[in-house]
Amino acid sequence: MVGYGQFCPVAKTSELLCERWVPLIVRELLCGSRRFSEIQRGVPMISPALLTKRLRQLEAAGVLERSQSAQVSNYVLTDAGWELYPIIEAMGVWGQRWARSQYTASELDPALLMWDMRRMLQPAGLSPSRTVVEFRFPRAPVGKSTYWLVVDEGIDLCMVDPGQPVDLWVRADLRSLTQVWMGDRTMGDAIESGDVQLEGPRSLVRRFPEWLGQHPVLAKVGPARGA
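Residues numbered from 1 in each chain as written. Predicted model: local features only at pLDDT ≥ 70, side-chain atom pairs only at ≥ 80, totals over all residues. Heavy atoms only, no water.

> Give me the nonpolar core: which residues, what numbers.
Within the largest apolar cluster, 36 residues are counted, with the highest numbers of intra-cluster contacts made by Phe135, Phe137, Leu149, Leu177 and Phe208. Broken down by element, this core gets its largest block of residues, five residues, from helix α7 (residues 110-120). Residue contacts for Leu177: discarding those within four places in its chain leaves Leu113, Met117, Phe135, Phe137, Ala172, Met187, Val196 and Leu212. Grouped together as the second largest cluster of nonpolar side chains are 19 residues, Val22, Ile46, Leu58 and Leu77 included. (Core = buried A, V, L, I, M, F, W, Y, C linked by side-chain atoms within 4.5 Å. Buried < 20%, exposed > 50% of the residue type's maximum accessible area, 1.4 Å probe, protein only. Helix = DSSP H or I, 4+ residues; strand = E, 2+ residues; numbered from the N terminus. Contact = heavy atoms within 4.5 Å.)

Pasting the structure below:
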């Protein structure tokens, strides 16, 4: 973008952060994404060419460092990059309070929802052994209706059947589960209304709502009065 032609630090920061997609790319890095493919999963609408360009801009600005390992690039935030954490978090909190999503069809993406939930979840608490949870969104587009979480020592999100027995089935309305995750509904309400249905052993069905929970930061932010 063309610079603002000012010495003001707000202007200098805006020259970097106000480039299209940059805040979302930084968000992904702050949330633990390291590889190009991981970053792109959190920002699916950006083209590979533009993502490459933005990563190079952030590297040139000293926000991240790129390293090469087995022909795979890894991107790691520098101290300058980590110092952006409160800024990005504040953007999320402000948006949740004053510009809260209405969950229109254009804003709902099952892959993005699953990616966001996966990185916030902790392996412990669901089952002492490996557990496979299948999520099905009946009204989602073809190819984006079924996902699997493989919960072991870590949590893997699979878009292709991992070929392992499923332990728990989750059938959900995409809008409803997104609302639950973002704090606009409770899981109990969604289950009671039938918008979320669980099938599997009673122990897993009982533990699942608390284990999934809600977004650990943004679900606690209520809408501003009159927003």
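That shown, we press on.
> Give a detailed account of the pattern of salt bridges, specifying residues and quantitative values.
A side chain with one charge may pair with a side chain of the opposite charge, provided their charged atoms come close. The full count for this structure, using the stated rule, is 13 salt bridges. Between Arg54 and Glu19 there is a salt bridge; the shortest N-O distance is 3.6 Å. Of this pair, Arg54 sits in helix α4 (residues 48-60) while Glu19 is found in the loop between α1 (9-17) and α2 (22-30), placing the two residues 35 residues apart along the sequence. A relative accessible area of 7% means that Arg54 is categorised as buried. Measuring nitrogen to oxygen at the nearest pair gives 3.7 Å for the salt bridge that ties Glu59 to Arg66. Judged by its relative accessible area of 30%, Glu59 falls in the partly exposed class. Exposure remark for Arg66: the relative accessible area of 44% places this residue in the partly exposed category. Bridged by salt links that share partners, the residues Arg27, Glu28, Asp116 and Arg119 form one connected network. (Salt bridge = Lys/Arg side-chain N within 4 Å of Asp/Glu carboxyl O.)

> Can you break down the packing of aromatic side chains residue by residue, with the values?
Aromatic ring pairs are defined here through the distance separating the ring centres and the angle between the ring planes. Under the criterion given, the structure shown has three aromatic pairs. With a centroid separation of 6.0 Å and 55 degrees between ring planes, the pair formed by Phe135 and Phe208 is classed as tilted. Highlighted residues: Phe135 in strand β3 (residues 131-136) and Phe208 in helix α10 (residues 202-212), separated in sequence by 73 residues. Here Phe135 matches Phe208 in class, with each residue buried. Look at Phe208 and Trp211: their rings are 6.2 Å apart centre to centre, the planes differ by 45 degrees, and that puts the pair in the tilted class. (Phe/Tyr/Trp six-rings, centres within 6.5 Å; stacked < 30°, edge-to-face > 60°.)

> Give a detailed account of the pairing of strand β4 (residues 146-151), specifying residues and quantitative values.
A regular strand places its side chains on the two faces of the sheet in alternate fashion. Most of β4 is tucked away, with six of its six residues classed as buried. Neither face of β4 is left uncovered, since the one carrying Thr146, Trp148 and Val150 and the one carrying Tyr147, Leu149 and Val151 both have all their residues buried. Bridge analysis of β3 against β4 gives six bridges, and the strand direction is antiparallel. Residue Arg136 lies in a different strand from β4, and its bridge partner there is Thr146. (Pairing = 2+ DSSP bridges.)

> Help me get a handle on α1, residues and values and all.
Regarding α1, the residues found buried are Ala11, Ser14 and Leu17. The buried residues of α1 all sit within an arc of 140 degrees when viewed along its axis, so they share a single face. Buried residues along α1 sit in contact with α2 and α6 (85-98). (Arc of directions from axis to C-beta.)

> Residues and numbers for the environment of Pro110, please.
Among the secondary structure elements, Pro110 is positioned in helix α7. With 34 residues separating them along the chain, Pro110 and Val76 place their C-alpha atoms 27 Å apart. If we ignore the near neighbours within four places in the chain, the residues touching Pro110 are Phe137, Ala140, Lys144, Tyr147 and Leu174.

> Requested: an account of α10, with residues and values cited.
Within α10 the residues assigned to the buried category are Leu204, Phe208, Trp211 and Leu212. Buried residues of α10, seen end-on, are gathered within an arc of 80 degrees and therefore sit on one face of the element. Among the exposed residues of α10, those pointing more than 90 degrees away from its buried face are Arg202, Arg206 and Glu210. Of the residues one or two after α10, Gly213 is the one with positive phi, at around 60 degrees.

> How would you sum up the pairing of strand β5 (residues 155-158)? Please name residues and give values.
Where β4 lies against β5, four bridges are found, and the strand directions are antiparallel. Paired with Val151 across the two strands is Ile155, which belongs to β5.

> With reference to specific residues and values, describe the packing of α7 against helix α8 (residues 174-181).
Between α7 and α8, whose axes approach to 11 Å, the crossing angle comes to 30 degrees. Here α7 lies roughly parallel to α8, going by the angle between them. Two packed elements cross with a definite hand, and for α7 against α8 that hand is left-handed. Taking contact as the criterion, the partners of Pro110, Leu113, Asp116, Met117 and Met120 in α7 are, on α8, Leu174, Leu177, Thr178 and Trp181. The residue inventory of the contact of α7 with α8, partitioned by class, reads seven nonpolar, one polar and one charged. (Axes fitted to C-alpha atoms, helices over the stretch in contact; angles between N-to-C directions. Parallel < 35°, antiparallel > 145°, perpendicular 65-115°, else oblique. Left-handed = near helix turned anticlockwise from the far one by under 90°. Nonpolar A, V, L, I, M, F, W, Y, C, P; charged D, E, K, R; others polar.)

In short, the description is geometric, and any link to function would need to be established separately.
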